[in-house]
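# Tertiary structure, described
Single-letter residue listing:
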Amino acid sequence: MSTLQSFSHAALAVLLSFATTACAGSTSRAAEKATGTIEGGIQHPAHVPPAMRICAIGGDPSIHVCTRTSAHQSNYRIEGVPPGDYTVIAAAADAVYPVGGHVQQVQCIRAPCPAMPASVTVTAGEVTAGVDLNGFYDKRDDFEAMPAD
């Protein structure tokens, strides 16, 4: 094989490598645009948030995306969430109030009126901010069950 042929084969391999990398990068960017992000603060009543697992759970519980936070982390971010409506709940293994969620107050005729999980709409390519974990409890039977790891 001549030096020119060796050079041509090497140049072709480099060009193919660049083309493959460029395609993979554009696929990754397309996937990011096809999903959204949920983020917010963690307003734990202990004032120092424990480590927790936080999940966005769709109307169909099989559709969920979760993230983990560390102790003392006061914000969270869940990326790669398909467009749709979700509830956001949290679980902490070692905490006084181990169950949490993004909740809203509701009016009712008889007290006590517990805050209810608030629905969050995720749009592709957008960040849905301000989805604070603002309600923590000993237990809440009306919250969605945490998906398995």
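Look up: the structure comes first, before these words.
Described in the following lines is the structure provided in the data block.

### Structural notes on the pattern of salt bridges
In total, this model carries five salt bridges according to the counting rule given. D149 is the salt-bridge partner of R53, the closest N and O atoms lying 2.8 Å from each other. Of this pair, R53 sits in strand β2 (residues 52–58) while D149 is found in the segment after β11 (135–137), placing the two residues 96 residues apart along the sequence. One salt-bridge network, in which partners are shared between bridges, spans E39, R77 and E79.

### Here's the deal with the nonpolar core
Residues I38, M52, I54, Y76, V88 and L133 are the most contacted members of the largest nonpolar core, which totals 18 residues. Not counting chain neighbours up to four residues away, the residues in contact with Y76 comprise I38, E39, G40, G41, I42, I54, T69, V88, V131 and L133. Listed in part, the seven residues of the second largest apolar core include C55, I57, I89 and A115.

### Looking at the state of the cysteines
Considering all chains together, one arrives at two disulfides under this definition. A sulfur-sulfur separation of 2.1 Å characterises the disulfide bridge that pairs C55 with C66. Because the sign of the S-S torsion sets the handedness, a value of about 110° for the bond joining C55 and C66 places this disulfide among the right-handed ones. Here C55, found in strand β2, pairs with C66, found in strand β3 (residues 64–69); they are eleven residues apart in sequence, far enough to count as distant. Overall, C55 belongs to the buried group, its relative accessible area being 0%. The class for C66 is partly exposed, based on a relative accessible area of 28%. A sulfur-sulfur distance of 1.6 Å marks the disulfide that ties C108 to C113. Negative torsions about the S-S bond denote left-handed disulfides, and the value of about -85° found for C108 with C113 makes this one left-handed. With relative accessibility at 38%, the residue C108 sits in the partly exposed group. Judged by relative accessible area, which is 22%, C113 ranks as partly exposed. What links to what in the chain: the bonded cysteines, counted in sequence order, pair as 1-2, 3-4.

### Description of the side chain of H44
Structurally, H44 is set in the loop between β1 (36–41) and β2. Residue class for H44 comes out buried when judged on its relative accessible area of 6%. Looking at H44, its side chain comes within polar contact range of the main-chain nitrogen of A46, at 3.1 Å. Apart from the residues within four sequence positions on either side, H44 is in contact with P49, P50, M52, A95, Y97 and F136.

### Some remarks on the pairing of β2
With seven of its seven residues buried, β2 lies for the most part within the structure. Side chains M52, I54, A56 and G58 project from β2 onto one buried face, and the interleaved R53, C55 and I57 project onto a second face that is buried too. Across six bridges, β2 lies against β3 in antiparallel orientation. Bridge pairing in β3 places C55 opposite C66. Counting the residues that bridge the hairpin from β2 to β3 gives five residues. Sheet topology places β2 next to strand β5 (residues 84–91); six bridges connect them, and they run antiparallel. The partner of A56 across the bridge, within β5, is V88.

About the criteria used
- Residues numbered from 1 in each chain as written.
- Predicted model: local features only at pLDDT ≥ 70, side-chain atom pairs only at ≥ 80, totals over all residues.
- Heavy atoms only, no water.
- Salt bridge = Lys/Arg side-chain N within 4 Å of Asp/Glu carboxyl O.
- Helix = DSSP H or I, 4+ residues; strand = E, 2+ residues; numbered from the N terminus.
- Core = buried A, V, L, I, M, F, W, Y, C linked by side-chain atoms within 4.5 Å.
- Buried < 20%, exposed > 50% of the residue type's maximum accessible area, 1.4 Å probe, protein only.
- Contact = heavy atoms within 4.5 Å.
- Disulfide = S-S within 2.5 Å.
- Polar contact = N/O pair within 3.5 Å; in protein donor to acceptor, adjacent residues only side chain to side chain.
- Pairing = 2+ DSSP bridges.

Read these as geometric descriptors, not functional statements.
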